[in-house]
Every structure is written in structure tokens, then in C-alpha cells.
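What follows is the residue order along each chain.
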2 protein chains.
Amino acid sequence: MKKTVLEELEKIVGKENLSAKIADLYVYGFDASIHHKNADAVVRPANTQQVSEIVKLANRTRTPVIPRGAGTAMCGHTVPLKGGIVLDLTRMNKIKEVRVEDLYCVVEPGVIYDKLNAVLGKKGFWFPTTPGSGEACTIGGMVVTNASGMRAIKYGATRDYVLGLEVVMPTGEIIHTGTRTLKNSSGYQIDRLMVGSEGTLGVVTEITLKLAFKPKASAMTLAAFNSLFDAGKCVSNIIARPLMPSAIELMDSVCIKAVNKCMNVGLPDVAAICMIEVDGHPVAVEEELKIVEEIAKQSGATFTEASRDKKRIDYWTYARKAIMPSLSRYGEKFVSVALADDMSVPISKVPDAVVAFQKIAEENGVVIGTYGHSADGNLHTKMLVEPNSQDSWRRGERAVGQIFDKVLELGGTVTGEHGVSITKAPYMKKERADSLETMRRIKKALDPKNIMNPGKIFDWEGSIIQYLRYPAFLEQDPGDAPQPSECEPKAYSR
Amino acid sequence: MKKTVLEELEKIVGKENLSAKIADLYVYGFDASIHHKNADAVVRPANTQQVSEIVKLANRTRTPVIPRGAGTAMCGHTVPLKGGIVLDLTRMNKIKEVRVEDLYCVVEPGVIYDKLNAVLGKKGFWFPTTPGSGEACTIGGMVVTNASGMRAIKYGATRDYVLGLEVVMPTGEIIHTGTRTLKNSSGYQIDRLMVGSEGTLGVVTEITLKLAFKPKASAMTLAAFNSLFDAGKCVSNIIARPLMPSAIELMDSVCIKAVNKCMNVGLPDVAAICMIEVDGHPVAVEEELKIVEEIAKQSGATFTEASRDKKRIDYWTYARKAIMPSLSRYGEKFVSVALADDMSVPISKVPDAVVAFQKIAEENGVVIGTYGHSADGNLHTKMLVEPNSQDSWRRGERAVGQIFDKVLELGGTVTGEHGVSITKAPYMKKERADSLETMRRIKKALDPKNIMNPGKIFDWEGSIIQYLRYPAFLEQDPGDAPQPSECEPKAYSR
């Protein structure tokens with residue numbers, strides 16, 4: 001990066017909020033995906049005006065800009081593939097307004113999901129999408145990936161809560177789209193286009209979110225199955241009753257074993273479990289929980305006295321979040337990685353999907369743990385790979401292709417809530433073959449110089465196991481890790 | 001229109017589904033708005049392939065294409081301002097799939113809202129947005145205006161139910177966007193951009209809608225107020241409790257008087273009424289109705305024994321739909337027209353808004369009836385004008401400008417559910433000043449020849465009382481009504 005660009009950046013954000021030190025560039029080259037690439041500069045703007053000036057500078061100098069929240073993205077969203085400026089938005093973390101009587105709140109993009117809900121919860125409200133990374137992820141990141149989580153079946157995804165956005169466009173213009181009213185039909189819904197655009201169409205600098213009422217009561221029960229297929233079938237049997245659960249979390253035996261081994265939580269050692277939650281009026285919750293257990297039994301489930309034990313359920317829910325790290329300790333030479341990790345299928349296809357994934361895993365000699373928000377058909381697979389084995393990665397990649405082919409055959413999508421970026425790009429292109437050109441036209445119209453998060457989504461070419469964060473391919477790629485001497489402690493304080 | 005274009009159209013849809021007869025062109029020049037302009041041709045395609053061929057032809061010959069459903073649009077959406085081809089989509093009226101276990105259905109754009117709900121209702125589901133024109137309006141029209149209605153407070157607008165779309169783009173390409181899963185993050189959410197695009201970005205030819213569960217019970221109560229402000233205040237008091245009603249329909253004294261006069265339904269002759277509905281589990285409904293009445297009383301409401309009387313409530317609900325025609329009989333020389341008819345404000349601003357509208361009406365010497373879905377801040381005003389008096393129209397237009405200035409000052413939007421098209425264009429441009437350029441860039445990228453429903457939204461220039469359907473301006477505009485001799489009966493059968 002040219003010295004003049006760095007000097008201009010420093011003028012905009014101040015010396016303490018700019019870094020081009022190799023240690024920072026390395027660290028900011030990661031997110032929660034398998035990918036890595038060093039940035040050229042990291043800036044931490046304080047407000048919309050600074051973001052606008054940075055983007056204007058980037059536009060003038062054709063420098064890539066990569067917006068970044070907490071870096072919890074699973075597919076490489078914040079990896080600066082083409083170098084450029086990583087725009088760390090975590091300083092913009094103010095909850096600017098909470099208006100319960102108007103059912104909206106206004107937040108900056110760096111606000112953390114759980115922190116927002118702590119504030120809303122005191123007033124009887126919440127933003128209910130419940131992403132797995134809620135303790136860390138930012139609202140801005142959720143908006144640009146259309147994130148959600150276990151409660152999307154009943155409460156929808158982030159797109160369903162975005163009432164309005166302030167966006168710095170790729171030209172540096174600041175626009176306001178959407179409203180602070182619960183609905184609007186006033187011109188193109190640019191806000192809804194920005195949701196899920198993964199930082200390729202602009203930088204979201206303020207979000208107006210619809211508030212939902214917290215349910216008065218909720219309860220969960222744990223159904224154990226000796227057949228993975230039956231567990232999947234149970235999900236669609238509940239929906240078709242019709243009965244609306246607030247969540248059904250499925251875990252297969254690979255995940256159960258991993259969590260039990262790592263966390264010693266005593267989950268039933270069966271083929272699959274479903275943790276089924278209902279919420280609403282206390283009377284309705286009690287009634288529906290009974291119906292749920294009845295349907296689950298008819299679908300082949302067994303229950304024990306512990307199934308409804310509140311303390312135990314809380315512990316299991318906690319364990320549910322530990323699946324990914326637990327899988328990394330499944331076998332010593334393996335790490336669990338986000339590959340084919342977020343497909344969604346029509347609810348009735350969940351049983352076919354989970355069984356097919358296990359078959360594909362076996363055929364390719366890889367270990368796959370399947371779990372996920374099965375109530376809305378959104379499944380997560382985590383794959384165990386040997387990070388230093390090219391063969392292991394290749395087998396993984398082959399399995400990914402087969403998994404996504406199956407998902408598309410079942411009428412599903414390659415990503416329900418994590419987004420595309422790098423790791424799902426080739427498969428998204430299959431899924432969206434006939435609308436890629438429309439996406440490209442919109443991108444070109446709004447970002448003609450292609451400065452916003454370039455090289456991602458429809459722009460990605462080739463294999464998904466490029467730009468790996470793991471040293472498997474060191475022979476081809478000397479890596480860009482800094483030497484210890486280059487790593488000064490505390491380049492700047494957080 | 002060139003003869004060759006008509007001949008090509010005939011080849012695509014067949015003789016019986018094409019008309020260029022003056023009577024048809026005249027009839028298809030209307031919708032439910034104040035505007036009118038003759039079309040050059042009317043076609044009634046049977047399927048997506050035909051739509052694609054028509055649009056390709058239009059693109060090649062730079063002929064405007066105006067998609068049309070039931071013609072219930074209030075702002076001129078289907079009026080062929082620049083002439084061209086009106087694309088009547090009502091033949092495409094198949095419900096193609098209803099998959100309750102997967103919570104979606106697939107419909108063609110010409111399916112009528114109430115007909116779809118009749119089918120879904122048998123299975124315990126519904127599409128709950130509840131537009132006032134539900135008996136007639138089509139799902140396609142609802143999608144492109146992001147329509148909703150009285151239950152949007154609890155159930156959201158059409159945008160919240162669109163899972164996927166098939167769209168014929170302005171080039172004639174057929175694309176598929178969105179999914180048949182409950183959520184997706186797979187590339188740009190083109191479907192959400194198409195929602196509310198008012199036929200300017202393509203023709204929606206198939207819609208995948210999310211299904212909602214029908215509530216087990218619902219109940220309504222009628223609160224009568226001696227102050228319009230208090231009625232507005234009651235709305236936000238209920239929401240802030242927090243309590244989620246499924247609807248709160250407000251009517252001011254002008255509307256009450258008109259409906260009583262015209263329909264003789266015996267609504268309380270007060271300053272304002274709120275018809276408040278709650279739904280859900282029967283126990284919750286009973287509890288919440290009590291709380292609602294308590295809050296309403298504290299806000300100044302009175303209730304009578306009839307307030308909860310089911311039969312009477314049904315009748316009143318029916319009367320509620322008769323406001324617009326009833327207003328037309330308010331005074332003999334007046335007609336009620338859709339002017340400033342669909343603003344939405346933050347819920348807590350409803351009292352300020354409704355009082356301000358009455359003041360503006362008085363100051364401009366016009367009569368305005370205010371009613372609407374006050375629970376979500378969406379208000380409808382209908383204005384009484386003397387159709388043959390230019391002065392009356394001018395006063396109406398002046399009042400509209402003042403009303404929308406007030407709405408924007410209160411943090412609202414000029415349209416909550418009807419859309420922009422012609423009648424709200426100048427005011428939408430004020431509201432969206434900083435994002436108009438973004439809209440234009442998207443439009444130009446997707447429809448470079450500007451053939452799709454041209455002259456509307458950001459493209460509209462000048463006063464909203466141009467292209468009037470009423471004869472007030474006959475002196476300037478000789479009109480385009482056919483001579484009786486030109487009106488052959490039954491140009492084609494419906």
C-alpha cells in the first residue's frame with residue numbers, strides 16, 4: 001500500500017486507530033473460516049463520517065475495503081483476499097436508541113448481539129434470531145450475512161428485523177434506506193438488498209431493528225433416537241401437526257460423542273437427539289410440550305426423567321455451543337473445520353439429508369458431525385481434517401461437493417445463515433446459476449471499481465481450499481505469518 | 001403501436017388474449033387510483049414462457065410493459081403512463097403447491113389473496129397480512145407493492161413471507177431467486193429487492209410464500225373515545241405495556257359518520273373508535289383482552305355491552321371495509337379519493353399525526369377521513385374532492401403536501417403498504433432524497449432501456465394531479481375515453 005494512502009488514513013482516524021504493523025495485518029487476516037490472507041492496513045473508524053472518508057479515499061485509489069465486525073464469519077467474509085484496508089467497526093458499538101413503544105431500536109454495527117439483548121430483555125423485548133455466536137458477533141455482521149440461529153423457525157432471520165439502514169456506499173455517499181416504522185413501501189427496499197450482501201455493496205453504519213416481545217414462558221425437552229432418520233422425521237412431524245416450536249436442535253452421534261468426551265455432560269449415547277423448545281403463554285407451553293413429546297414418541301423417541309430437567313437442559317444447551325471445539329478433540333490429529341457447514345433443506349427433507357451426509361462422509365473417508373437448527377431445515381456439518389495433509393483436505397473438498405449436490409437435489413440452499421464469501425462460492429454459483437448475472441449487474445452499478453470486499457461470492461474462482469490458514473500447502477505458499485521479531489506487543493489498545 | 005408488434009404479440013398469446021380495441025385500452029387504463037391513461041395493447045399471457053417472449057419483444061422494440069394483477073393499486077401502478085403493453089397476469093392464477101410440512105406454498109401471480117387463504121385455512125395455515133382488498137387483490141400485486149394490512153403489527157408485511165420468486169427480467173431472462181427453505185444467505189437477496197419494486201424491475205411470474213400457523217383463537221373489542229388524540233394514545237399505551245395485539249383499527253368521526261350514514265351499522269357516534277383484536281391461545285386471548293380494555297379505559301375509552309358482541313363485531317369489521325365508498329356518499333357533490341392515503345408513522349406518533357391531519361384539512365377547506373392500521377402506525381386518509389372543480393383538486397394537493405411534510409417531520413414514511421407509483425412520487429422523493437441515486441443506478445443496471453412500467457416512482461416529475469381519471473381538466477386534456485360506437489361488448493371473455 002502506498003505511503004500516501006496510509007498518511008491519508010491516519011489523518012482520518014488518527015494514529016492510534018491505524019496500523020500497518022505486520023502482527024496486526026496477520027491477525028486481521030483471519031476470521032472463523034479456514035482462510036487467511038494478510039491485510040495492507042487496519043483502521044478502526046469511530047463514526048459514519050470517518051467511514052465515508054475512508055471509502056472515498058479507497059474509491060479514488062482503487063484500494064479494496066473489507067468491513068469487519070467480530071470476525072466470527074465462517075466462510076472468509078472478512079479475509080482481505082486482495083489486500084487493502086480492513087475496516088474494523090467494533091469501535092462503533094453504541095446502542096443509540098431503544099423505543100419500546102415504537103417497537104424499534106437503533107444501533108451501530110459494532111454492537112454485540114448478547115449485549116443488545118441484555119438491554120432489550122430488561123424491558124420485556126428481544127431480537128430473537130439467536131445466532132450460535134451471539135456472545136461475540138456484531139449486529140452489523142448479522143445484517144450483512146442475514147444471520148440467524150436456532151429460533152428462526154418461529155422468529156425469522158435478521159432480514160425480517162431490519163427496518164432501516166444507514167449505508168456508506170462504495171462511492172462514499174451516505175444513504176438512509178428503510179424507515180423507523182414497522183412497514184414501508186416507499187421506493188426500492190435497498191435495506192433488504194443490503195442484508196446478505198456481505199460487505200460487497202457498501203458499509204452498514206447504523207441499523208434500525210424491529211423489536212419482538214419476549215415470550216412469557218418457554219420449555220425444552222430432549223428426545224433421544226436410535227435412528228438419525230427418525231430424528232429428522234420427528235421434526236417434520238411436529239411442524240405438520242401443525243405445531244410451531246421455537247427451536248429444534250438436532251445432534252448426531254458424532255457430535256454427541258464429541259461433546260460427551262470433551263465436556264462430560266452425559267448426553268444420551270444414541271444415534272441422534274433433538275432438543276425441542278416451545279415458548280409462549282405458560283398454558284400453551286405446557287400443552288404444546290405434551291403434544292411435542294407425544295409426536296416424538298410416535299416418531300421413535302424415548303424420554304427419561306432428565307429430559308425436561310431445567311438445570312440439565314441449561315447445561316446441555318451450553319454443551320450445544322461447544323460442538324465445534326469438542327469435535328476438534330475428537331481425534332488427536334484432526335481439527336474440525338467449517339466445510340459445507342450451513343446448508344438448509346425443506347423441513348421434510350431433513351431425514352434424507354442427514355442420512356445422506358453420513359453416507360458421503362463414509363464414502364470419502366472423512367468424519368462429519370451433523371447438528372443444527374433442524375426445525376427450519378438448517379443443518380450444520382463440521383468436518384474433521386488433518387490440517388497438514390493435502391490428501392485429507394482434498395477428500396474433504398470432494399465430500400463438500402457431494403453434500404451440496406445432494407442439498408440442491410433436495411430443493412435446498414447451500415447456506416441458510418452463514419453466507420457465501422469464499423467457502424461456499426462455487427456451490428452458490430450452481431444454486432443461483434440463472435441469477436448470477438443479475439447480481440453482477442447490481443454490483444457493477446453500485447461499485448463500478450469493485451473496491452468493496454472483492455473476490456468473494458460470484459467473483460470467487462476455483463477451489464475452496466485456497467488461501468488456507470493451515471500450513472498444509474506451505475510448499476506452494478510460503479505463508480505470510482510474521483517473524484516473532486516483527487510482532488510487537490499491543491500495536492494499539494482495544 | 002406498430003402493427004408488427006401487435007402481430008408478434010398475437011403469435012405469442014393467441015388472438016383471444018390480445019386486444020388493441022379502444023374499449024379495452026380505455027378500461028385497462030384505470031386502477032383504483034385517481035389516474036388514467038390508455039394502453040396501446042392488452043395481453044393476457046398464460047405462463048412464464050409467454051411473459052418472457054413478450055418482454056423480449058418489448059425490449060427489442062423499446063415498448064413499455066406494465067404488469068397488472070387485479071388493478072386494485074391506489075397510486076397508479078398499473079396505469080400505462082407512456083402507453084405500451086398492459087400485461088394482465090390474472091390468467092396465471094394457479095396455486096401450484098401447498099407444502100404444510102415445509103411451511104411454504106408456490107403460487108402464480110394472479111392468485112387472489114382470499115382464495116389462497118381459503119385453501120390454506122383448511123389445513124390450519126394462512127398468509128396473514130390481511131390487505132383491505134383481499135377479496136380481489138392478487139399475490140403478485142401484493143409482492144410488488146409490499147402490501148399488508150391490519151395484521152402487519154403482529155404478522156409483518158408481504159416482504160416477510162416471500163421466500164422465493166421467479167422473475168422475468170427486463171431483458172426477458174427468467175431468473176429464480178430466494179429458496180424453498182425458511183431462510184437463506186445464498187447470494188444477493190434479489191427477491192427482497194423485487195418486493196416493492198412496483199413492476200419497474202421485472203415481472204414476477206411465480207411466488208414461494210412462507211406459511212404461518214392460524215391462531216387458535218381471536219377476539220375483538222371496540223373502544224370508543226371522545227378524543228381522537230386519546231384514541232391514538234391508547235394504541236401506543238397497549239404496545240408499550242408490552243402487549244402485542246393482532247390489529248388495532250382506528251376510525252375518526254368523519255369515517256364513523258360516513259359509514260353509519262351509508263350502511264346504518266350503528267357505530268358509536270364519537271370522536272374516534274379503536275377496534276382492537278388479540279389472537280393466540282384461547283387462555284392468552286381472554287387474559288389479553290381484559291388487559292387491553294383496562295389500558296383503553298385508562299386512555300379514556302368507554303365500552304358498552306356491545307363492544308365484545310361477536311355478531312356486531314363481524315358486522316363492524318365488514319363496515320370497516322366500506323369506508324371508502326361510504327365517504328363518497330358523505331356529501332353529494334364529492335367523491336372520496338386516494339390522496340395522501342397511506343402514510344405510516346412511529347406508533348407513538350399516531351396521536352400527533354391524526355390530530356395534525358384534521359387541522360390541515362380544516363386549514364385547506366377539505367374533508368379528510370382518517371382510519372387505518374394504527375397498531376403499526378399505518379394511517380389511511382381519504383380526501384373528499386369535487387371531481388369537476390380544479391380548485392378542489394388544488395386544495396387537495398396542497399393538503400397532501402402538508403400532510404406528508406408532517407409525516408416526515410414525525411419520522412414516518414409516505415407509504416406503509418400501497419406503494420409510490422404516481423400519487424406519492426414527489427413526497428417519496430423528499431423522504432428518500434439521499435437514496436434516489438442508488439435506486440436509479442439499480443434500475444438502469446437491470447432495465448437499461450427503461451421499458452418496465454416507466455415514468456413511475458423516482459421517474460415521475462411534476463404534480464400528482466396529472467393524468468386524472470376525472471374530467472376536471474378536460475379543458476387542457478381532451479381525454480382519451482372511447483366514443484360509444486367504439487365500445488364493442490365483450491372484446492374477449494374473462
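Given the structure is predicted, the values throughout are model-derived calculations rather than measurements.

Engineer: How would you explain the overall build of chain A if you had to name every residue and give the values?
Structural biologist: When helices and strands are tallied, chain A shows 16 helices and 17 strands. Over its C-alpha trace chain A gives a radius of gyration of 23 Å, about what one expects of a compact globule, namely 23 Å for 494 residues. Its C-alpha atoms give chain A principal-axis dimensions of about 70 × 60 × 45 Å. Relative to its 494 residues, chain A shows a buried fraction of 65%. If you take every contact in chain A between residues at least 6 apart in sequence, the share linking residues at least 24 apart comes to 73%. Split by element, the accessible area of chain A, about 17100 Å² in all, is 50% carbon and sulfur. Each charge sign in chain A was given a centre, from 62 positive and 59 negative side chains, and these centres are 3 Å apart.

Engineer: Explain the domain arrangement of chain A to me, and be specific about the residues and the numbers.
Structural biologist: All names here are of chain A. The domains assigned to chain A are domain 1 (3-88), domain 2 (95-213), domain 3 (217-409) and domain 4 (426-487). One C-alpha centre belongs to domain 1, the other to domain 2, and the line joining them spans 23 Å. At the interface, 13 residues of domain 1 touch 17 residues of domain 2. Together domain 1 and domain 2 conceal approximately 1100 Å² of surface at their shared face, both sides included; 67% is due to carbon and sulfur atoms.

Engineer: Outline the relation of the copies chain B and chain A, supporting the account with residue identities and numerical values.
Structural biologist: Comparison of the two chain copies shows a relationship of rotation about an axis with a shift along it. The two copies are related by a screw operation: chain B maps onto chain A through 180 degrees of rotation and 0.0 Å of translation along the axis, at an RMSD of 0.0 Å. Expressed as an axis order, the relation between the two copies is that of a two-fold axis. A high fraction, 100%, of the interface residues of chain B reappear at the interface in chain A, so the copies pair face to face through one surface.

Engineer: I'd like a rundown of the sheet that holds strand β12 (residues 217-225) of chain B, residues and numbers included.
Structural biologist: Residues and elements named next belong to chain B. Taken together, the 6 strands give an open sheet; going across it, the order is β12-β14-β13-β16-β17-β15, and neighbouring strands pair in antiparallel fashion. Edge strands, defined here as strands with exactly one partner in the open sheet, are β12 and β15 (335-337). Between one strand and the next, the sheet's axes are offset by a mean angle of 20 degrees, whatever the strand orientation. Pairing analysis gives 7 bridges linking strand β16 (residues 367-373) to strand β17 (residues 378-385), with the strands arranged antiparallel. Following the sheet pairing, Tyr371 is matched in β17 by His380. Docked against the sheet, helix α9 (residues 253-263) engages β13 (247-252), β14 (272-280) and β16, running at close to 85 degrees with respect to β13. Across the face of the sheet, helix α14 (residues 390-409) comes into contact with β15, β16 and β17 while running at roughly 160 degrees to β17.

Engineer: Explain the interface of chain B and chain A to me, and be specific about the residues and the numbers.
Structural biologist: Contacts between chain B and chain A engage 94 residues on the former and 94 residues on the latter. Each partner contributes to the roughly 7100 Å² buried at the junction of chain B and chain A, and carbon and sulfur atoms together form 56% of this total. The largest share of the area that chain B buries against chain A comes from Arg159, Lys183 and Tyr188 of chain B, three residues that together contribute 14% of it. Across the chain B-chain A interface, the total number found is 8 salt bridges. Between Lys183 of chain B and Asp376 of chain A there is a salt bridge; the shortest N-O distance is 3.1 Å. Elements with a contribution of two residues or more to the side of chain B that touches chain A: α6 (152-155), β9 (174-178), α7 (190-194), α8 (228-240), α10 (282-298), α15 (425-431) and α16 (436-446) of chain B. At 8 residues, α16 of chain B tops the list of elements feeding residues into the side of chain B that touches chain A. Grouping the amino acids of the side of chain B that touches chain A by side-chain chemistry returns 37 nonpolar, 34 polar and 23 charged.

Engineer: Run through the confidence of the model for chain A, naming residues and quoting values.
Structural biologist: Residues and elements named next belong to chain A. In this model, chain A carries an average pLDDT of 92, and 95% of its residues clear a pLDDT of 70 or more. Counting interchain partners and residues more than four positions distant, the pLDDT-below-50 stretch residues 474-479 has 2 contacts. Note on residues 481-494: pLDDT under 50 across the span, and 24 contacts to partners over four residues away in sequence or across chains. With a pTM of 0.94, the predicted complex shows an ipTM of 0.94.

Engineer: With reference to specific residues and values, describe the sheet that holds strand β5 (residues 95-99) of chain A.
Structural biologist: Each strand in a sheet pairs with its neighbour through backbone hydrogen bonds, running either in the same direction (parallel) or in the opposite one (antiparallel). Residues and elements named next belong to chain A. Strand order in this open sheet of 5 strands is β5-β6-β10-β8-β9, and the pairing throughout is antiparallel. Either end of the sheet is taken by a strand with one partner, and the two such strands are β5 and β9 (174-178). Averaged over neighbouring strand pairs, the angle between their axes works out to 10 degrees when direction is ignored. Where strand β8 (residues 162-168) meets β9, 5 bridges bridge the pair, whose relative direction is antiparallel. Each residue of the ladder has a partner; that of Glu166, found in β9, is His176.

Engineer: Describe the pairing of strand β13 (residues 247-252) of chain A, and please don't skip the residues or the numbers.
Structural biologist: All names here are of chain A. Judged by how many residues are buried, β13 sits mostly within the fold: 6 of 6 residues are covered. Of the two faces of β13, the one carrying Ala247, Glu249 and Met251 and the one carrying Ile248, Leu250 and Asp252 are both buried. Bridging between β13 and strand β14 (residues 272-280) involves 6 bridges; their strand directions are antiparallel. Within the sheet, the bridge partner assigned to Leu250 lies in β14 and is Cys274. Looking at chain direction, β13 and strand β16 (residues 367-373) are connected through 3 bridges and run antiparallel. In the strand pairing of β16, Met251 is matched with Tyr371.

Engineer: Describe unusual backbone geometry, with residues and values.
Structural biologist: Omega for the peptide link from Arg241 of chain A to Pro242 of chain A comes to 0 degrees, which places this bond in the cis form. With respect to the helices and strands, the residue Pro242 of chain A is situated in the loop between α8 (228-240) and β13. A positive phi angle is found at Asn264 of chain A, which is not glycine, with a value near 55 degrees. Along the chain, the position of Asn264 of chain A falls in the loop between α9 (253-263) and β14. A positive phi angle, close to 45 degrees, is found at Asn453 of chain B, a residue other than glycine.

Cut-offs and rules
By convention here, each chain's residues receive numbers from 1 onward along its written sequence. To label them, take the chains in the order written and letter them from A, then take the ligands in the order written and number them from 1. In keeping with the model being predicted, local features are shown solely for residues with a pLDDT of at least 70 and side-chain atom pairs are shown and tallied solely at 80 or more, while totals for entire chains, interfaces and linings include all residues. Excluded from the side-chain calculation are hydrogens and water; included are all heavy atoms of the structure. Runs of E in the DSSP output that reach at least two residues are strands. Runs of H or I that reach at least four are helices, and both are numbered from the N terminus. Put simply, the radius of gyration uses C-alpha atoms, and a globule should come to 2.2 Å times the residue count raised to 0.38. For every residue, the accessible area (1.4 Å probe, protein chains only) is compared with the maximum for its type, and the residue is labelled buried under 20%, exposed over 50%, or partly exposed between those bounds. Any two residues whose heavy atoms approach within 4.5 Å at even a single point are treated as in contact. Note on areas: Shrake-Rupley, 1.4 Å probe, and residue coverage restricted to the protein chains presented here. By the counting scheme adopted, Arg and Lys are positive, Glu and Asp are negative, and His together with the chain ends is not counted. One atom stands in for each charge, and that atom is NZ of Lys, CZ of Arg, CG of Asp or CD of Glu. Segmentation of the chain into domains, including their bounds, is taken from an automatic or database domain assignment. Buried area is understood as the total, over both parts, of accessible area removed when two parts are fitted together, assessed with a 1.4 Å probe. To line up the copies, we fit them by least squares on C-alpha atoms, keeping just the residues with pLDDT of at least 70 in both. In this analysis, strands are considered paired if DSSP registers two or more bridges between them. Axes, fitted as lines to C-alpha atoms, cover a helix only where it is in contact. Angles between the N-to-C directions of the axes lie from 0 to 180 degrees. For this analysis, a salt bridge means a side-chain nitrogen from Lys or Arg found within 4 Å of a carboxyl oxygen belonging to Asp or Glu. All residues other than Ala, Val, Leu, Ile, Met, Phe, Trp, Tyr, Cys, Pro, Asp, Glu, Lys and Arg, Gly among them, are scored as polar; the first ten of these are nonpolar and the last four charged. The score called pLDDT rates the predictor's confidence residue by residue, from a low of 0 to a high of 100.

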